[in-house]
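One letter stands for each residue in the lines below.
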Amino acid sequence: MEHREDGPLQLQETAAGDRGKCCVASPCEWLGRLSRELHWSFVLAVVAVYGACQGVGNAIGGVAAGYYWKDVQRVQPSAAQFYQGVTDAPWIVKPIWGLLTDVVPVVGFRRRPYFVLAGVIGVSSMLMLSLNHELGIMPALLMLMAQSAGAAIADVTVDALVVQNSITHPPLAADMQSLCGFSSSVGALLGFSLSGLLVHSMGSQGALGLLSIPSALVLLAGILLKENRGTEFDYMQVHKKFYKALQSMGRTLKCPEVWRPCVYIFVSLNLSLDIQGGMFYWYTDPVVGPGFSEGYIGLIYSIGSVGSLIGVLLYQSTLKDYPFRSMLLWGQVLSSLAGMLDLVLVTRLNLKIGMPDYFFAVSDNAVSQMVGRLQWLPLLVLCSKLCPPGTEGTFYALLMSLQNAGLLMSFWWGGLLLHMLNVTRMEFSNLWIVVLIRNISRLVPLMLLFLVPDCDQNSTLLPAEMLHGNESTETMKKGSNEFSVLVGDNSGCISPGVAVDSEQIKNFDAETDDVELIPLVNKSGLTVS
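Sequence order as written defines the numbering, with residues in each chain counted from 1. For this predicted model, a pLDDT threshold of at least 70 governs which residues receive local features, and a threshold of 80 or more governs which side-chain atom pairs are given and counted, while totals over whole chains, interfaces and linings are taken from all residues. The basis for every side-chain value is the complete set of heavy atoms in the structure, and neither hydrogens nor water enter the calculation.

- Per an unreviewed UniProt entry, the protein goes by the name Folate-biopterin transporter 2 and belongs to Miscanthus lutarioriparius.
- Entered under Subcellular location (unreviewed entry) in the UniProt record, the comment concerning the protein runs "Membrane".
- UniProt positions are given in the numbering used here, feature names are shortened, and annotations may be inferred rather than shown by experiment. Per UniProt, the comment on the protein under Sequence similarities (unreviewed entry) is "Belongs to the major facilitator superfamily. Folate-biopterin transporter (TC 2.A.71) family."

Some thoughts on the packing of helix α8 (residues 173–209) against helix α16 (residues 357–384)
Thought 1: Lines fitted to the C-alpha atoms define the axes, with helices restricted to the stretch that makes contact. Angles between their N-to-C directions range from 0 to 180 degrees. Strands here mean DSSP runs of E at least two residues long; helices mean DSSP runs of H or I at least four residues long; both are numbered from the N terminus. Put simply, α8 and α16 touch, their axes get as near as 10 Å, and they point 140° apart. In terms of axis orientation, α8 runs oblique to α16. Here α8 runs over α16; the crossing is right-handed. For the pair formed by α8 and α16, the contact residues are Ala 174, Gln 177, Gly 181, Ser 184 and Ser 185 on the first element and Arg 373, Leu 377, Leu 380, Val 381 and Ser 384 on the second. An angle counts as roughly parallel when it lies under 35 degrees, as roughly antiparallel when it exceeds 145, as roughly perpendicular when it falls between 65 and 115, and as oblique in every other case. Take the far helix as the reference: if the near one is turned anticlockwise from it by less than a right angle, the crossing is left-handed, and if turned clockwise, right-handed. Residue contacts are defined here by distance: any two heavy atoms, one from each residue, within 4.5 Å place the two residues in contact.

A short note on the nonpolar core
Thought 1: In this structure, Trp 69, Leu 129, Tyr 283, Ile 297, Tyr 301 and Leu 431 are the most contacted members of the largest nonpolar core, which totals 51 residues.
Thought 2: At eight residues, helix α3 (residues 40–72) tops the list of elements feeding residues into this core.
Thought 3: The split of the chain into domains comes from an automatic or database domain assignment. Mapping this core onto the domain boundaries places at least three of its residues in each of domain 1 (28–227) and domain 2 (244–460). Grouping buried Ala, Val, Leu, Ile, Met, Phe, Trp, Tyr and Cys residues that are joined through side-chain atoms within 4.5 Å yields what is termed a nonpolar core. Each residue is assigned to one of three classes by its accessible area relative to the maximum for its type, calculated with a 1.4 Å probe on protein chains only: buried under 20%, partly exposed between the two thresholds, exposed over 50%.

Describing the pattern of salt bridges
Thought 1: We define a salt bridge as a contact between a side-chain nitrogen of Lys or Arg and a carboxyl oxygen of Asp or Glu at a distance within 4 Å. Under the defined criterion, the tally for this structure stands at four salt bridges.
Thought 2: Note that Asp 175 is salt-bridged to Lys 320, the shortest N-O span being 3.7 Å. Of this pair, Asp 175 sits in helix α8 while Lys 320 sits in the loop between α13 (294–319) and α14 (324–346); the two residues are 145 residues apart in sequence, bridging distant segments of the chain.
Thought 3: What makes Asp 175 buried here is its relative accessible area of 4%.

Looking at the environment of Ser 125
Thought 1: With respect to the secondary-structure elements, Ser 125 resides in helix α6 (residues 112–131).
Thought 2: Its relative accessible area of 2% is what places Ser 125 among the buried residues.
Thought 3: Each C-alpha atom of the pair Ser 125 and Leu 208 lies 10.0 Å from the other, and the pair is 83 residues apart in sequence.
Thought 4: Setting aside residues up to four positions removed in sequence, Ser 125 forms contacts with Met 143, Ala 146 and Gln 147.

Focus on the confidence of the model for the protein
Thought 1: Residues at a pLDDT of 70 or more form 80% of the protein, whose mean pLDDT is 78.
Thought 2: Per-element confidence in the protein ranges from a low mean pLDDT of 28 for strand β2 (residues 482–486) to a high of 95 for helix α18 (residues 431–441).
Thought 3: One confidence number per residue, pLDDT, is output by the predictor and ranges from 0 to 100. Within the model, the stretch residues 469–529 combines pLDDT values under 50 with 178 contacts to residues more than four positions away or in other chains.

Focus on the UniProt feature "transmembrane region" (unreviewed entry) in the protein
Thought 1: Per the UniProt record, "transmembrane region" (unreviewed entry) is found at residues 42–69, 114–131, 206–225, 261–283, 295–315, 327–346, 395–418 and 430–452.
Thought 2: Taken end to end, residues 42–69 has its terminal C-alpha atoms 36 Å apart, with 100% of it in helix and 0% in strand.
Thought 3: Note that residues 261–283 is 78% helix and 0% strand, and that its end C-alpha atoms are spaced 36 Å apart.

Digging into the packing of aromatic side chains
Thought 1: Note on ring pairs: Phe, Tyr and Trp rings are taken, using the six-membered ring of Trp, and paired if centres are within 6.5 Å. Classes follow the plane angle, with under 30 degrees stacked, over 60 edge-to-face and the rest tilted. According to the stated counting rule, one finds 11 aromatic pairs in the structure shown.
Thought 2: Ring centres of Tyr 68 and Trp 69 lie 5.6 Å apart, and the angle between their planes is 70°; on these two criteria the pair is classed as edge-to-face.
Thought 3: With centroids separated by 5.2 Å and ring planes inclined at 45°, the aromatic side chains of Phe 192 and Tyr 301 adopt a geometry described as tilted. Separated by 109 residues along the polypeptide, Phe 192 in helix α8 and Tyr 301 in helix α13 bring together distant segments of the chain.
Thought 4: An aromatic cluster of at least three residues, connected via ring pairs, comprises Tyr 68, Trp 69, Phe 82, Tyr 83 and Trp 412.

Notes on unusual backbone geometry
Thought 1: A positive phi angle is found at Arg 74, which is not glycine, with a value near 55°.
Thought 2: Inspection of the secondary structure assignment puts Arg 74 in the loop between α3 and α4 (77–87).
Thought 3: One non-glycine residue, Arg 348, lies in positive phi territory at about 65°.
Thought 4: Mapping Arg 348 onto the fold places it in the loop between α14 and α15 (349–352).
Thought 5: Classification of Arg 348 as buried rests on a relative accessible area of 19%.

So, a nonpolar patch on the surface
Thought 1: Surface patches are drawn from residues lacking salt bridges whose relative accessible area is over 30%; two like charges belong together within 9 Å, two nonpolar side chains (Val, Leu, Ile, Met, Phe, Trp, Tyr) within 5 Å. With residues, only the protein chains shown are counted as cover, and all accessible areas are computed by Shrake-Rupley using a 1.4 Å probe. On the surface, Trp 40, Leu 44, Ile 213, Leu 217, Leu 220, Ile 223 and Leu 224 cluster together to form a nonpolar patch covering roughly 620 Å² of accessible area.
Thought 2: The set of elements that each furnish at least two residues to the nonpolar patch consists of α3 and α9 (212–224).
Thought 3: In terms of residue count, α9 provides more of the nonpolar patch than any other element does, five residues in total.

Now the structure itself:
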């Protein structure tokens, strides 16, 4: 593609004209466009992390881990829910991985080595877990935590690439999040389709051992990723760069445009109580519950992934231009209503109206996954809009850490609720109360919806001084040592489609040191996984 000086502006105009086109009608053309604009190795990295590691890996791992805690370690539902939260703990410290990718290059590269490290950790931990059949609870927990740490490192690294490309190609921000969601949903569909068969034929430990394959793909993506090698790096200055990054994060957290949506994100996820442990035990109980087999559990979740995929396609085709506040409002309401399907299933009302358990469970999961995806994607786009240039990985990881902290708390609140209402391996009489409380709690965050900006998803949310001193929007040109600075008005929400006069465009030379942090005056910005 011929390089043009007005590349970013031309891309913006093209994307605005093509906004009506979606990946539903021409997925190959859509992927080809992303590959041309962003390079095929970036698309490969997204598919490896979101499709293979998080999609296929989380699907197989979720089902296999459920059976592992239930049948191998033989723990109660509340304990299994607690252990699942502990397993996800490495996702809480994502800012650490983000800081490393932003300020500590390895042999001149900022992203590739961390993909390789993530792959090695994932492969080794899952092979150790699958080959040792006498592991106690603590060693098994450590192995699962190690695998989760590898996935978190890979996620932070690819998210840094996504945010970096969102800054250089603003009109493609929603498309990149759709690519992540699309890859995750397709991977989950494949993983859940195979999960029941794998657990039935290989056992839960054998199925967990197969998670080394997605980790190996992440390692391969790290080897193939196109990344410019930086100049020599003085590792004696690492502590100063960490200090600069922490100062920048502190300034960012003081900015109302950042902390207000952060509060909403954390509270909304915190109060979406996760009771999946209790539902899984009830699903597989042959006396009180429907007694679904391993194969049918995989089928339920695989069809649920179809619902998730439909959610991605709906968002990409019709919903990505709606305001954040409207999307999150209807997302919370629909999430609460979709949760009532679980209540119908647990109280067996579906049998009274002549609808079999297997059909209703499949429909329930598909609807819930679709609504969940429609909730999740606007949050990811919102977070990508809160990242200042220079430390994309760190700030995006910080917001993702906030999201994961909320999800972790929802796991533990759900486990505590199951324990308080005496839902055990054999006792499910109060499970319907747990489901009802969860559904009501999903409506509580609507009281804080005013904290979310009422802008469309193509707007620039950060104030000018947070991006780079006194300018408004900074776009780093690929293959160049210049930044293109578009100076806009003082509005908190700046539409990317607004015409910019020629005198508003300023160019300035930037240093080529890839790891030097961009100084932020007064305020800074954050972003979320």
